[in-house]
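# Summary of the model geometry
Next come the chains, spelled out residue by residue.
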Amino acid sequence: MTDDHRVLVSASILNADFSRLDRVVHKMERAGADRLHLDVMDGHFVDNITFGPDVVAAFRRLTDMPLDVHLMISQPARYVERFLEAGPETVTFHVEAEATPERTMSAIEAIHAAGREAGLAVSPDTPVDAVDPWLSELDIIMIMSVYPGWGGQGFIAEAAPKIAQARARLASAGRGGLVHVDGGVNSKTAEIVGSYGIDVCIVGSALFQ
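So, here's what we can say about the structure. (Residues numbered from 1 in each chain as written. Predicted model: local features only at pLDDT ≥ 70, side-chain atom pairs only at ≥ 80, totals over all residues. Heavy atoms only, no water.)

### Here's the deal with the overall build of the chain
Definition in use: Only DSSP runs of H or I with at least four residues qualify as helices, and only runs of E with at least two residues qualify as strands; both kinds are numbered from the N terminus onward. Atoms counted for the radius of gyration: C-alpha only. Globule rule: 2.2 Å times the number of residues to the power 0.38. Categorising residues by exposure relies on relative accessible area from a 1.4 Å probe, with only protein chains included: less than 20% of the type maximum marks a residue as buried, more than 50% marks it as exposed, and the intermediate range marks it as partly exposed. The contact definition used throughout considers only heavy atoms, calling two residues in contact when any of these lie within 4.5 Å. Reported accessibility uses the Shrake-Rupley method at a 1.4 Å probe radius. Residues are deemed covered only where the shown protein chains occlude them. The charge count includes Lys and Arg as positive and Asp and Glu as negative, but it does not include His or the ends of the chains. To locate a charge, take atom NZ for lysine, CZ for arginine, CG for aspartate or CD for glutamate.
When its secondary structure is counted, the chain shows 7 helices and 8 strands. Scaling as 2.2 N^0.38, a compact globule of 209 residues should have a C-alpha radius of gyration of about 17 Å, and the chain matches this with 16 Å. Dimensions of the chain, computed from the C-alpha atoms along their principal axes, are close to 40 × 40 × 30 Å. Split into buried and exposed, the 209 residues of the chain put 52% on the buried side. Restricting to contacts in the chain with at least 6 residues of sequence separation, those with at least 24 account for 65%. Of the roughly 9,400 Å² that the chain leaves accessible, carbon and sulfur atoms contribute 49%. With 17 positive and 29 negative side-chain charges, the chain shows a separation of 6 Å between the mean positions of the two kinds.

### Structural notes on the packing of aromatic side chains
So the rule is basically this: Aromatic contacts are taken between Phe, Tyr and Trp rings whose centres are within 6.5 Å, Trp giving its six-membered ring; a plane angle under 30 degrees counts as stacked, one over 60 as edge-to-face, and the others as tilted.
Scanning the entire structure with this criterion turns up 1 aromatic pair. With a centroid separation of 5.7 Å and 40° between ring planes, the pair formed by F18 and F51 is classed as tilted. One end of the pair, F18, is in the loop between β1 (8–12) and α1 (21–31); the other, F51, is in the loop between β2 (35–41) and α2 (53–62), and 33 residues separate them in sequence. A relative accessible area of 11% means that F51 is categorised as buried.

### Structural notes on the pattern of salt bridges
Pairing between side chains becomes possible if they bear opposite charge and their charged atoms approach one another. Basically, it comes down to this: Any Lys or Arg side-chain nitrogen found within 4 Å of a carboxyl oxygen on Asp or Glu counts as a salt bridge.
All told, the structure shown has 8 salt bridges when counted by the stated rule. A salt bridge links D34 to R6; its shortest N-O distance comes to 2.7 Å. Placement of the pair is D34 in the loop between α1 and β2 and R6 in the segment before β1, with a sequence separation of 28 residues. Put simply, R20 and D22 hold a salt bridge, and the shortest N to O gap is 3.1 Å. By relative accessible area, R20 is classed as partly exposed at 33%. With relative accessibility at 27%, the residue D22 sits in the partly exposed group.

### Comments concerning helix α3 (residues 76–85)
The following threshold applies: Our arc is simply the arc of the directions from the helix axis toward the C-beta atoms.
Buried residues of α3: P76, A77, V80, F83 and L84, and no others. One side of α3 carries all its buried residues, which in axial view fall inside an arc of 100°. Lining the buried residues of α3 we find β2, α2, β3 (67–72), β4 (90–94) and α4 (101–113).

### Considerations on the side chain of S74
What counts is decided by this rule: Polar contact is defined as a pair of N or O atoms within 3.5 Å, subject to the rule that within protein one atom must be able to donate a hydrogen and the other to accept it, and that residues adjacent in sequence are counted only when both atoms are side-chain atoms.
Within the secondary structure, S74 is located in the loop between β3 and α3. A polar contact is formed between the side chain of S74 and the side chain of H44, at a distance of 2.6 Å. Those residues in contact with S74, other than ones at most four positions away along the chain, are D42, H44, F45, Y79 and A97.

### Digging into the pairing of β4
Basically, it comes down to this: When DSSP finds two or more bridges between a pair of strands, those strands are recorded as paired. Here, the term right-handed applies to a crossover whose path from the first strand over the helix to the second runs clockwise when the strands point away from the viewer.
Across the 5 residues that make up β4, a large majority, 5, are buried. Neither face of β4 is open: one carries T90, T92 and H94, the other V91 and F93, and all of them are buried. One ladder, built from 4 bridges, connects β3 with β4; its direction is parallel. From the neighbouring strand, D68 faces β4, where its bridge partner is T90. After leaving β3, the chain enters α3 and then returns to the sheet as β4, a path that is right-handed.

### Quick look at the packing of α1 against α2
So the rule is basically this: Lines fitted to the C-alpha atoms define the axes, with helices restricted to the stretch that makes contact. Angles between their N-to-C directions range from 0 to 180 degrees. Note on angle classes: values under 35 degrees are labelled roughly parallel, values over 145 roughly antiparallel, values of 65 to 115 roughly perpendicular, and the remainder oblique. By convention, the crossing between two helices is left-handed when the near helix turns anticlockwise from the far helix through less than a right angle, and right-handed when the turn is clockwise. Here the term charged refers only to Asp, Glu, Lys and Arg, the term nonpolar to Ala, Val, Leu, Ile, Met, Phe, Trp, Tyr, Cys and Pro, and the term polar to all other amino acids, Gly among them.
Where α1 contacts α2, the two axes come as close as 10 Å, and the packing angle between them is 55°. Viewed along their axes, α1 and α2 adopt a mutual orientation that is oblique. Like other packed secondary-structure pairs, α1 and α2 cross with a definite hand, here right-handed. Listed contacts from α2 to L21, D22, V25 and E29 of α1 are V55, F59 and L62. When its residues are assigned to classes, the contact of α1 with α2 shows 5 nonpolar, no polar and 2 charged.

Keep in mind these numbers describe shape, not what the thing actually does.
Right under this line is the structure:
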């Protein structure tokens, strides 16, 4: 990573106080966060349930900050239009989530048709090359450094080298996409992911606890 490479911070609101979303948003704005990261979980793809498009739309009304929606749900192609209507800048879903490559492409195409950026997330046990069939269409590769589903997990250091692999793939595709890392990022682990050339650090527990 070069000295002039700026790493963005996307504040994950998973552990925030949902009774005062306005306070959460204003706190992150004052803290200088670059984006807000919204984790959507369905209790099926992952063993947790969070919120749906209505809450994403509520965040959109509260702030002009870019919203990154992270869909940890089964059948993202079925639901992606509803989340796009809520107004996020980016939508990322899991490469493991759809039953067929065609369904994955359908979701990516819907995101681009709405003028938004599309990403695929890679869970800790999934190799980065799983995204290769859609590489020329991706704006984001998200490296999961925890297992998806719960906040507050410890950072999985073995996932960090995937960041460099993802950067090399995006560079070869020539699309200028960004690599995000999600899970267990704090002041110490940020140095690790930074050494692999990360573009966006998704930070949750370290901000809110």
